[in-house]
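Structural overview
The chain contents come next:
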Amino acid sequence: MEPREYCELFFGPLSPDDNITLSWLVGKRCRSKRFKRKDLDAFVEKALKLGEQHNTFYSCAPTNLPLESTARGSNEQVTAMLAFHFDIDLLSLAAHVKRELPESEEEIKAFVNEELPKPTAIIFSGHGVHLIYILAVPICITDEVSRRRAIELQQAFFRYVSAKASERGWKIDNCSDLARMLRFPGTMNLKDSEHPVRCEIREMDGHLYTLEELKPYLVFADAKEAPLASPVPQKGEKAYPDALEASRIYEGCAVIRDLMEHPEKQTEPLWKASLDNLCLASDGVQACHEFSQGYGGYSFEETERKIAHALKSRKPCTCEHFRTLGADCPEGGCGVKAPIVFALPTAWDRIQSLLGHEKLDPAMFLDEGNRELLAIAMDRYPTEYAYLKMKLKKAGFGLRDIERAVKQTRALLYQANAEEDFTVESCEIEIEGLDLGGMMDPPGYRVDMEEGVRSFHEFKGEMQCTELCSRPVVITRIMENVDTGCERMELAFWRSGRIKHLIAQRSELLNKNSLVKYADTGLPVTSSNSEGMVMYFNSFEVANQELIPLSRSLGRIGWLSGFKEFYPCHYQGQIVFEDADQDLVKAIGEQGDYELWKQTAMKLRENPIARAMLNAAAASVLLEPLKLRIFILHSWFSSRSGKTAALKFALSFWGDPMKMIGNFNSTAVGLERRAGMLKHLPLGIDELQQMARNLTPAMAVYQLGNGQGKTRGMKNGGLQETLTWRNSIMTTGEEPLSSENSMDGVISRAIELYGAPIDDPEFGRMVHQVSEANYGFAGKIYIRHLIDHVISEKGKLESDYHDLRARLKEAFDAKDLGEAGVHLDSVAVMCLADLYGAQCLYGEATFPIETIIKDVIDMGVAVLVNVKEQEKEDSIERAWSFVQGWVASNRNCFKPHATPRYGKLERDGVYITINILREAMERAGYSYAKCVRGFVDRDHLKLFQDGSKKGTHQCQKKINGVNNRVVCANIEVGDVEDDCSEFLEAGESFFTRKRMG
């Protein structure tokens with residue numbers, strides 16, 4: 001017997017959305033998970049998987065606990081009784097303490113055959129036997145009365161079974177609780193951990209029992225008071241709050257009274273409509289059976305099902321519905337919305353109840369409802385009002401205080417407390433062209449195509465209707481940002497004959513002031529109805545919180561937490577892209593012929609520069625999981641060398657290159673936002689020579705290389721979200737990014753490759769065409785390979801990277817060209833991307849791994865050699881070269897009587913006036929403070945003793961008879977002319993002035 005077949009039989013009567021519970025033991029702790037009935041396959045699969053390692057159980061009844069709850073559930077939370085169940089233990093020294101037990105399954109089988117009806121299923125639990133009697137019609141549990149009735153039925157059957165077992169000397173456990181958990185068939189019983197036993201279904205004939213069939217086996221505690229199939233309220237209990245006897249419905253409703261007196265007139269729709277009202281009376285269940293018994297086709301079980309359904313929904317059919325069924329209602333109606341209203345206590349009934357109290361408690365007068373009754377008595381029943389005042393006076397109230405309080409609460413109350421329940425019934429919302437999945441009107445609102453959104457409220461005893469907006473508006477989705485946790489809401493509304501959608505921050509849609517600005521989108525909102533719309537949105541969300549879809553959202557492209565998903569190439573479920581500019585995310589997709597793209601890529605990889613560009617695009621997604629810094633790959637050469645074609649093809653690795661590529665003719669903010677949106681995908685920027693006037697290459701390198709945007713404030717205070725990114729930046733141009741006076745940070749961030757990526761112009765033209773028509777395939781394959789075969793194996797990505805880096809350094813060191821430099825890490829990650837690409841994209845997976853690695857390392861070495869050949873001196877050495885050249889070209893300005901004069905030429909060096917030197921260096925783009933400090937560290941400037949250990953690089957000299965602060969550059973200048981100016985040594989001059997001062 002299959003467990004799936006058994007579960008289908010056991011839980012079959014439940015509705016698809018009812019909850020069923022699975023529990024298992026982890027040590028001594030019980031853990032539980034809930035499933036919907038429609039997910040029965042997942043329920044069984046989970047149970048069988050858990051059951052191999054844990055004691056696993058299923059609940060015999062559904063509960064009203066939410067799906068996400070991990071609680072087991074109790075009797076108070078059970079919503080239906082599906083079966084009778086008994087657990088008869090077998091004698092086992094390892095599993096049970098009791099000795100008064102049957103010794104074998106055969107004894108239990110004989111007991112069943114002789115004393116009990118045949119069970120629907122017999123299940124061997126490992127150390128006992130479960131007897132299951134599944135009901136053909138489950139007993140719905142809607143209140144405490146029906147709950148007590150279900151428990152009593154379980155106990156009644158147990159009393160019979162227990163008594164019969166006692167005759168054989170057995171003692172069986174009482175398993176009559178509604179929330180009983182039983183071992184799941186097909187799982188392991190691990191109670192005796194050294195000898196696990198599998199639970200198995202021994203028999204299952206599929207017979208479902210009615211209560212009538214089981215009546216001979218039900219032994220009630222008081223046989224005279226055996227419960228009916230539906231509960232009869234006991235004294236003091238009511239099936240509906242405050243409702244009186246069903247006889248009042250017969251007295252007030254001519255239609256139901258006529259159907260009771262002439263049952264032959266009862267049609268099934270009229271019978272159901274009548275039971276919807278009768279069952280809510282205090283004696284409603286019994287009244288329903290009395291009403292139904294006169295009908296020739298009366299069925300106890302059918303009546304039971306209808307009563308249970310009506311008690312669960314508690315929505316009686318209205319008089320208007322009776323008329324649509326052909327009922328002969330009096331002309332003009334009976335003055336009520338539904339027949340049940342006749343059974344509700346009127347103001348007169350409630351006044352008589354107050355008069356029935358021997359003594360009125362002062363607290364009763366504080367109740368607003370009682371004060372309203374006093375006001376009604378004052379207007380309509382003066383005698384009763386006078387009697388009530390006397391009672392209140394005896395309770396200690398002053399008559400004037402009573403009169404004043406009653407006058408303040410003169411609200412008329414004719415048909416008392418529950419009539420408003422039936423005034424505005426919630427209906428399923430239907431909007432043309434929109435599938436809302438069963439969303440309902442919020443309480444107090446009605447949404448439809450004809451009249452838009454209306455609100456209903458009671459005012460002075462009358463129902464008032466107000467048009468909130470003329471067109472329907474509903475919440476169709478809630479989106480939670482994966483990065484920030486902030487939520488957005490999607491609204492759908494009817495406008496100009498079509499459905500329009502609006503997505504906005506939750507805080508803006510639920511604020512009456514900020515909501516008005518969305519009137520520009522066509523949303524039917526104004527300053528006068530915005531407050532009401534906010535209240536409506538809140539009510540709508542609460543009423544449909546289980547139905548409104550919750551989606552994840554993102555405002556950027558790239559990895560999600562855990563590196564198991566990459567948007568938009570590989571992810572689970574639905575993710576909504578938040579940004580208004582959808583072009584970039586739409587560009588990340590597939591189009592064209594993958595084989596043509598692959599053939600072109602393999603030919604391009606023959607050129608080391610084109611191959612490096614392609615690998616830089618692939619390496620971009622490896623920077624975040626490896627926590628490596630951003631690198632900039634700049635390809636520069638003369639025009640018509642295929643730089644743009646190679647860049648476009650590299651970007652086609654991920655998507656449409658025409659939408660992904662940018663240019664330097666952009667603002668700093670534009671580049672920042674583009675990098676932040678791409679996040680982990682490569683940023684391609686073409687044509688350096690077109691750079692905007694407000695940008696410089698150094699500014700662009702620092703801004704993009706930092707991986708973080710500017711910090712900006714908000715209009716209303718606080719800070720805007722700062723954009724971040726970690727990707728490769730790919731640029732092209734006809735000149736290098738760095739120059740002779742560039743800071744070291746520019747050189748260390750940018751890998752500048754000099755050469756033509758494509759030598760053949762005809763091939764370059766074809767690369768342009770192929771990249772624009774065929775793209776996006778490689779990126780998806782590559783990401784799946786990373787997730788399934790690299791990242792899934794803990795430590796593999798880091799291990800592969802460090803291994804390649806070590807091999808690359810060793811291979812470059814063998815060239816004897818000096819240190820590999822700051823770009824070793826970036827080139828190593830490009831090699832890693834090349835390795836993974838060879839394995840999953842370029843058909844090299846069958847090659848020996850060492851062959852692939854050697855080819856990859858050769859590419860990396862070629863890149864490092866190219867960079868080394870263009871290597872510039874660091875900024876300090878370049879600045880020193882500038883100073884030497886500047887002195888040589890301005891030698892005459894150092895001679896006596898020169899105008900202007902820059903300093904002095906001496907045999908021990910060149911003395912340069914500090915202000916002159918600072919101006920010259922800063923005009924050339926060098927930082928004076930940084931460079932002078934570097935000159936001192938490298939002994940390019942002479943040090944003078946000033947009393948400190950380190951000394952100073954400044955001194956004073958008389959130039960043209962005036963003291964000047966100078967530095968002494970260690971530059972040989974050959975023959976020098978004598979100068980009669982006196983030298984003032986720095987230390988001597990300083991301390992002399994100190995003494996004089």
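What you see is a predicted model; the values in this text were computed from it and never measured.

Digging into the overall build of the protein chain
- Helix and strand content of the protein chain: 37 helices and 30 strands.
- By residue count, 50% of the 997 residues in the protein chain fall in the buried class.
- Long-range pairs, those at least 24 residues apart, make up 68% of the contacts in the protein chain between residues at least 6 apart in sequence.
- As displayed, the protein chain has an accessible area near 48300 Å², and 48% of this comes from carbon and sulfur atoms.

With respect to the pattern of salt bridges
- On inspection of all chains with the given rule, the structure shows 48 salt bridges.
- The shortest N-O distance in the salt bridge between Glu-203 and Lys-109 comes to 3.7 Å. In this pair, Glu-203 sits in strand β10 (residues 200-204) while Lys-109 sits in helix α3 (residues 105-115), placing the two residues 94 residues apart along the sequence.
- On the accessibility criterion, Glu-203 (28% relative accessible area) is partly exposed.
- Residue classification places Lys-109 among the partly exposed residues on the basis of a relative accessible area of 46%.
- A salt bridge links Arg-765 to Glu-762, with the nearest nitrogen and oxygen atoms 2.5 Å apart.

Describing the sheet that holds strand β6 (residues 128-140)
- The four strands are arranged β4-β6-β5-β10 in an open sheet whose pairing can be described as antiparallel. Either end of the sheet is taken by a strand with one partner, and the two such strands are β4 (80-89) and β10. Recorded for the sheet is a direction-independent mean angle of 25 degrees between the axes of neighbouring strands.
- The sheet contacts of α3 involve β4, β5 (121-124), β6 and β10, and relative to β6 the element is tilted by about 35 degrees.

Topic: the packing of helix α34 (residues 875-889) against helix α35 (residues 914-923)
- Their axes nearest at 11 Å, the elements α34 and α35 cross at an angle of 120 degrees. Taken together, α34 and α35 sit at an angle that is classed as oblique. As for the relative orientation of α34 and α35, their crossing is right-handed in sense. Facing α34, whose interface residues are Ala-879, Phe-882, Val-883 and Trp-886, α35 presents Ile-916, Leu-917, Ala-920 and Met-921.

A closer look at the packing of helix α8 (residues 268-278) against helix α10 (residues 300-313)
- As a packed pair, α8 and α10 sit with axes 9 Å apart at the nearest point and diverge in direction by 50 degrees. Classed by the angle they form, the pair α8 and α10 counts as oblique. Regarding α8 and α10, the two cross each other, and that crossing is right-handed. Taken together, the residues of α10 that come into contact with α8 (itself represented by Trp-271, Lys-272, Leu-275 and Asp-276) are Glu-302, Thr-303, Lys-306, Ile-307 and Ala-310.
- Residue classes in the contact of α8 with α10 are distributed as four nonpolar, one polar and four charged.

Quick look at the nonpolar core
- Ranked by internal contacts, the top residues of the largest apolar core, which has 108 residues, are Leu-622, Phe-653, Trp-654 and Tyr-782.
- At twelve residues, the largest contribution of residues to this core is made by helix α32 (residues 824-840).
- With sequence-adjacent residues up to four places away left out, Tyr-782 is seen in contact with Ala-618, Val-621, Leu-622, Phe-653, Trp-654, Ala-833, Tyr-836, Gly-837, Cys-840 and Leu-841.
- In this structure, Met-81, Phe-86, Leu-135 and Ala-150 belong to the second largest nonpolar core, which totals 37 residues.

Concerning the pairing of strand β14 (residues 473-481)
- Counting buried residues in β14 gives eight out of nine residues, a clear majority hidden from the surface.
- Relative to strand β15 (residues 487-495), β14 runs antiparallel, the two being bridged by seven bridges. Bridging across to β15, Met-479 finds its partner in Arg-488.
- Counting the residues that bridge the hairpin from β14 to β15 gives five residues, and of these Gly-485 lies at a positive phi of roughly 80 degrees.
- Summarising the sheet, β14 and strand β17 (residues 550-554) pair through four bridges and their orientation is parallel. Residue Met-479 lies in a different strand from β17, and its bridge partner there is Ser-551.

Examining helix α36 (residues 928-937)
- Listed as buried for α36 are Tyr-928, Cys-931, Val-932, Gly-934, Phe-935 and Val-936.
- Residues of α36 that are buried sit in contact with α34, α35 and β29 (962-969).
- Among the residues trailing α36, Asp-939 stands out with phi positive, at a value near 60 degrees.

Structural notes on the confidence of the model for the protein chain
- Across the protein chain, pLDDT averages 83, with 88% of residues at or above 70.
- The model gives residues 222-239 a pLDDT under 50, and that stretch makes 33 contacts with residues more than four places away or in other chains.
- The model gives residues 980-997 a pLDDT under 50, and that stretch makes 21 contacts with residues more than four places away or in other chains.

A short note on the sheet that holds strand β23 (residues 683-686)
- Pairing in this open sheet of five strands is parallel, and the strands run β22-β23-β24-β21-β25 from one edge to the other. Edge positions in the sheet fall to β22 (661-663) and β25 (750-754), since each of these pairs with one other strand and no more. Taken over all neighbouring pairs, the strand axes of this sheet differ in orientation by 25 degrees on average, direction set aside.
- By the bridge criterion, three bridges tie β23 to strand β24 (residues 728-733) in an arrangement that is parallel. Its bridge partner being in β24, Ile-685 is matched across the sheet by Thr-731.

Topic: the packing of aromatic side chains
- For the coordinates displayed, the defined rule picks out 39 aromatic pairs.
- Judged by centre distance (5.7 Å) and plane angle (35 degrees), the rings of Phe-882 and Tyr-926 are tilted. Of the two residues, Phe-882 is situated in helix α34 and Tyr-926 in the loop between α35 and α36; the sequence distance between them amounts to 44 residues.
- Positioned above the aromatic ring of Tyr-911 is the side chain of Lys-957, whose terminal nitrogen or guanidinium carbon lies 4.2 Å from the ring centre.

Re helix α26 (residues 668-678)
- Here α26 has its buried residues at Leu-671, Glu-672, Ala-675, Gly-676, Met-677 and Leu-678.
- For α26, the secondary structure elements touched by its buried residues are β20 (575-577), α20 (583-587), β22, β23 and α27 (697-705).
- Two residues or fewer after α26 comes Lys-679, characterised by a positive phi angle close to 60 degrees.

Some points on unusual backbone geometry
- Here Tyr-567 and Pro-568 are connected by a cis peptide whose omega angle stands at 5 degrees.
- Along the chain, the position of Pro-568 falls in the loop between β19 (566-567) and β20.
- For His-897, which is not glycine, the phi dihedral falls at a positive 70 degrees.
- Counting through the fold element by element, His-897 comes out in the loop between α34 and β26 (903-906).
- The phi dihedral of Asp-939 falls on the positive side, at around 60 degrees, and the residue is not glycine.
- When you line up the elements, Asp-939 lands in the loop between α36 and β28 (954-959).
- Using a relative accessible area of 59% as the deciding quantity, one classes Asp-939 as exposed.

Examining the side chain of Thr-63
- Note on placement: Thr-63 falls in the loop between β3 (56-59) and β4.
- For Thr-63, a relative accessible area of 7% translates into the label buried.
- A distance of 3.5 Å separates a polar atom in the side chain of Thr-63 from the backbone nitrogen of Leu-65.
- Setting aside residues no more than four positions away along its own chain, Thr-63 makes contact with Asn-19, Thr-21, Arg-34, Gln-77, Val-78 and Thr-79.

Conventions and cut-offs
- Residues numbered from 1 in each chain as written.
- Predicted model: local features only at pLDDT ≥ 70, side-chain atom pairs only at ≥ 80, totals over all residues.
- Heavy atoms only, no water.
- Helix = DSSP H or I, 4+ residues; strand = E, 2+ residues; numbered from the N terminus.
- Buried < 20%, exposed > 50% of the residue type's maximum accessible area, 1.4 Å probe, protein only.
- Contact = heavy atoms within 4.5 Å.
- Areas by Shrake-Rupley, 256 points an atom, 1.4 Å probe, with all protein chains shown as cover.
- Salt bridge = Lys/Arg side-chain N within 4 Å of Asp/Glu carboxyl O.
- Pairing = 2+ DSSP bridges.
- Axes fitted to C-alpha atoms, helices over the stretch in contact; angles between N-to-C directions.
- Parallel < 35°, antiparallel > 145°, perpendicular 65-115°, else oblique.
- Left-handed = near helix turned anticlockwise from the far one by under 90°.
- Nonpolar A, V, L, I, M, F, W, Y, C, P; charged D, E, K, R; others polar.
- Core = buried A, V, L, I, M, F, W, Y, C linked by side-chain atoms within 4.5 Å.
- pLDDT = per-residue confidence, 0-100.
- Phe/Tyr/Trp six-rings, centres within 6.5 Å; stacked < 30°, edge-to-face > 60°.
- Lys NZ or Arg CZ within 6 Å of the ring centre and 35° of its normal.
- Polar contact = N/O pair within 3.5 Å; in protein donor to acceptor, adjacent residues only side chain to side chain.

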